[in-house]
Amino acid sequence: MATIENLTTRTPSVSVDELLDGFYPSPRFAGVSFSSYRPDPAQPSQAHAVKELEKFADTVAQPEPSGFRKLFGAKKPDGPSGVYLDGGFGVGKTHLLASLWHASPGRKAFGTFVEYTNLVGALSFRKTVDSLSNYELVCIDEFELDDPGDTVLMSRFMRELADAGVKLAATSNTLPGSLGEGRFAAVDFQREIQVLADQFEVIRIDGEDYRHRGLAEAPEPLEEDELEAGIEEHFADDTVALDDFPELLRHLSGVHPSRYRQMLDGIDAVAWRNVRTIEEQSVALRFVVLADRLYDKDVPIIASGVPFDRLFTEEMMAGGYMKKYHRAVSRLTALVREGQKGEAS
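The structure contained in this document is the topic of the report that follows.

Thresholds, definitions, all that
- Residues numbered from 1 in each chain as written.
- Predicted model: local features only at pLDDT ≥ 70, side-chain atom pairs only at ≥ 80, totals over all residues.
- Heavy atoms only, no water.
- 1 Å grid on protein atoms, 1.4 Å probe; cavity = no way out; pocket = protein on both sides within 12 Å on 5 of 7 lines; lining within 4 Å.
- Points joined across faces, edges and corners; volume = space filled by probe spheres on them.
- Helix = DSSP H or I, 4+ residues; strand = E, 2+ residues; numbered from the N terminus.
- Nonpolar A, V, L, I, M, F, W, Y, C, P; charged D, E, K, R; others polar.
- Axes fitted to C-alpha atoms, helices over the stretch in contact; angles between N-to-C directions.
- Parallel < 35°, antiparallel > 145°, perpendicular 65-115°, else oblique.
- Contact = heavy atoms within 4.5 Å.
- Pairing = 2+ DSSP bridges.
- Patch = residues over 30% accessible without salt bridge, like charges linked within 9 Å, V, L, I, M, F, W, Y side chains within 5 Å.
- Areas by Shrake-Rupley, 256 points an atom, 1.4 Å probe, with all protein chains shown as cover.
- Salt bridge = Lys/Arg side-chain N within 4 Å of Asp/Glu carboxyl O.
- Lys, Arg positive; Asp, Glu negative; His and termini not counted.
- Charge placed at Lys NZ, Arg CZ, Asp CG, Glu CD.
- Buried < 20%, exposed > 50% of the residue type's maximum accessible area, 1.4 Å probe, protein only.
- Core = buried A, V, L, I, M, F, W, Y, C linked by side-chain atoms within 4.5 Å.
- Polar contact = N/O pair within 3.5 Å; in protein donor to acceptor, adjacent residues only side chain to side chain.
- Phe/Tyr/Trp six-rings, centres within 6.5 Å; stacked < 30°, edge-to-face > 60°.
- Lys NZ or Arg CZ within 6 Å of the ring centre and 35° of its normal.

Regarding empty space enclosed by the protein
Now for step 1: Tallied over the full model, the rule gives two cavities of 30 Å³ or more.
Now for step 2: Counted as a void, the largest cavity has a volume near 100 Å³.
Now for step 3: Together, Leu19, Gly22, Phe23, Glu115, Asn118, Pro257, Ser258, Arg261, Gln262 and Arg293 line the largest cavity.
Now for step 4: Counting only elements with at least two residues in the lining of the largest cavity, the list comes to helix 5 (113-123) and helix 11 (260-263).
Now for step 5: Split by residue class, the lining of the largest cavity holds three nonpolar, four polar and three charged.
Now for step 6: Size it by volume and the second largest cavity reaches roughly 40 Å³.

Take a look at the structure:
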């Protein structure tokens with residue numbers, strides 16, 4: 001018989017060290033390496049990217065004496081302090097970034113762009129920079145700027161880490177000089193954007209972009225009275241978080257997004273009653289973070305209410321944050337297919 005819990009009762013208290021300890025590749029990428037990446041012979045840029053990252057890993061293995069520079073004011077070396085993997089969805093950028101993390105020695109952090117901005121929100125900018133300045137490598141997955149505040153924040157954040165001798169690595173499907181285009185008046189923030197671009201050597205990874213394949217069709221939701229039977233059918237020996245969806249959304253507003261990972265500790269699956277379309281942008285963006293953490297931990301979902309391809313409004317799916325929402329729908333759809341149909345996500 002399944003053990004039932006509720007996410008709406010969980011408000012984890014997490015120390016600074018516990019937050020930083022959570023910055024590592026998700027279980028999906030726990031065992032990846034450069035050798036396990038399979039470059040497409042028709043896309044030579046993929047094999048080139050592997051070679052370049054292997055060389056970059058060697059520079060992390062022999063880091064600059066950043067402490068010496070801090071103490072004696074040595075000049076920062078010319079040239080970029082990191083690598084930036086630019087390519088479409090589905091070409092293996094996260095696989096390669098995680099492989100770099102695994103291949104690099106010393107203290108290192110791996111997280112999504114949103115996780116780092118949430119970390120700053122939880123700890124303060126200065127404490128975050130001071131903590132990560134002692135690392136050899138900081139990896140930033142899914143680098144994307146959605147608003148002017150993030151542009152200025154990450155510009156300063158990356159510059160200070162680079163000045164401290166930290167090696168940087170990032171992935172995105174937008175060139176660093178083009179970050180923010182189409183979302184806000186990027187021209188007004190060109191200086192900050194250029195500072196970001198100057199931190200990286202761009203490595204292009206070509207390949208089929210799965211954005212052109214469209215979103216997978218979301219499975220039909222369960223009926224309200226089918227949820228409990230579905231829990232026992234699919235998760236009889238597991239710990240399942242069963243929550244009313246509107247109540248869960250309200251609860252998330254009182255838990256800092258940096259703690260969503262810990263909020264899911266020990267949960268094998270989630271079941272949501274009464275899923276409804278989210279109509280407020282702030283609520284939707286908060287929920288995207290939870291969707292990412294569920295996907296990272298490969299937590300299957302069963303649900304009643306509307307299908308996940310109707311989770312966000314049409315305006316949201318076509319607006320400035322559309323990449324976030326499309327990613328969330330894709331990931332949630334994969335998890336609900338796993339939960340309700342047993343398909344691997």
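The discussion continues.
Section: the packing of helix 10 (residues 245-252) against helix 12 (residues 281-296)
Geometrically, a packed helix pair is captured by the angle between its two axes and the distance between the axes.
Now for step 1: At a minimum axis separation of 10 Å, helix 10 and helix 12 run at an interaxial angle of 95°. It follows that helix 10 is roughly perpendicular to helix 12 by the angle criterion. In contact with Phe245, Leu248, Leu249 and Leu252 of helix 10, helix 12 contributes Val283, Arg286, Phe287 and Leu290.
Now for step 2: Considering only residue class, the contact of helix 10 with helix 12 consists of seven nonpolar, no polar and one charged.

A word on the sheet that holds strand 2 (residues 82-86)
Now for step 1: Spatially, 3-4-5-2-6 is the arrangement adopted by the five strands of the open sheet, whose pairing is parallel. The open sheet terminates on both sides in strands that have one partner only, identified here as strand 3 (108-112) and strand 6 (200-204). Mean inter-strand twist for the sheet, computed between neighbouring axes without regard to direction, equals 15°.

Side note on the side chain of Thr117
Now for step 1: Relative to the elements of secondary structure, Thr117 occurs in helix 5.
Now for step 2: With residues near it in sequence (within four places) discarded, Thr117 still touches Asp150, Leu153 and Met154.

Some thoughts on a negative patch on the surface
Now for step 1: The grouping of Glu223, Glu224, Asp225 and Glu226 at the surface amounts to a negative patch.
Now for step 2: Along the chain, Glu224 turns up in the loop between strand 6 and helix 9 (227-234).
Now for step 3: Of the residues examined, Glu224 reaches a relative accessible area of 43% and is grouped as partly exposed.

Here's the deal with the nonpolar core
Now for step 1: One finds Leu132, Trp272, Phe287, Leu290, Ile301 and Phe312 to be the most contacted residues of the largest nonpolar core, which totals 70 residues.
Now for step 2: Counting 23 residues, the second-largest nonpolar core is a separate cluster that includes Val60, Leu85, Leu96 and Trp101.

Examining the environment of Asp292
Now for step 1: Positionally, Asp292 belongs in helix 12.
Now for step 2: Sequence-wise, Asp292 and Lys324 are 32 residues apart; in three dimensions their C-alpha atoms are separated by 9.7 Å.
Now for step 3: Among the polar contacts made by the side chain of Asp292, one reaches the side chain of Arg327 at a distance of 2.8 Å.
Now for step 4: Side-chain polar atoms of Asp292 contact the side chain of Arg331, separated by 2.9 Å.

A few points about the packing of aromatic side chains
Now for step 1: This model, assessed by the stated rule, comprises eight aromatic pairs.
Now for step 2: Centre to centre, the rings of Phe23 and Tyr116 are 5.0 Å apart; their planes meet at 50°, and the pair counts as tilted. Pair noted here: Phe23 is in the loop between helix 1 (16-21) and helix 2 (44-61) and Tyr116 is in helix 5, with a separation of 93 residues, a long-range link.
Now for step 3: What makes Phe23 buried here is its relative accessible area of 8%.
Now for step 4: On the basis of an interplanar angle of 35° and a centroid distance of 4.6 Å, the ring pair of Phe312 and Tyr325 is categorised as tilted. You can see Phe312 sitting in the loop between strand 9 (301-305) and helix 13 (314-318) and its partner Tyr325 sitting in helix 14 (residues 322-341), a full 13 residues away along the chain.
Now for step 5: Using a relative accessible area of 5% as the deciding quantity, one classes Phe312 as buried.
Now for step 6: One aromatic cluster is present, formed by Phe245, Trp272, Phe287 and Phe308 through successive ring pairs.
Now for step 7: Directly above the aromatic system of Tyr295 lies the positively charged group of Arg28, at a separation of 3.7 Å from the ring centroid.
Now for step 8: A cation over a ring is seen here: Lys108 above Trp101, with NZ or CZ 4.4 Å from the ring centre.

Looking at the pairing of strand 5 (residues 167-172)
Each regular strand carries side chains that alternate between the two faces of the sheet.
Now for step 1: Taken across its six residues, strand 5 has six buried, putting it largely inside the fold.
Now for step 2: The side-chain alternation of strand 5 yields two buried faces, one formed by Lys167, Ala169 and Thr171 and the other by Leu168, Ala170 and Ser172.
Now for step 3: Direction of pairing for strand 2 relative to strand 5: parallel, over a ladder of five bridges. Within strand 5, the residue paired with Gly82 across the bridge is Leu168.

Comments concerning the environment of Val166
Now for step 1: Inspection of the secondary structure puts Val166 in the loop between helix 7 (148-163) and strand 5.
Now for step 2: With 28 residues separating them along the chain, Val166 and Val138 place their C-alpha atoms 7.0 Å apart.
Now for step 3: Those residues in contact with Val166 that sit more than four places away from it in its chain are Ser81, Leu132, Ser133, Tyr135, Glu136, Leu137, Val138 and Leu161.

Let's talk about the pattern of salt bridges
Now for step 1: The tally for this structure, following the rule as stated, stands at 17 salt bridges.
Now for step 2: Notably, a salt bridge pairs Arg126 with Glu160, separated by 2.9 Å at the nearest N-O pair. Placement of Arg126 in helix 6 (residues 125-132) and of Glu160 in helix 7 is noted, with a sequence separation of 34 residues between them.
Now for step 3: Between Glu160 and Arg156 there is a salt bridge whose closest N-O contact spans 3.1 Å. In this pair, Glu160 and Arg156 are both assigned in helix 7, four residues apart and thus about one turn of the helix distant.
Now for step 4: Counted as one network, the salt bridges with shared partners bring together Glu115, Arg261, Arg293 and Asp296.

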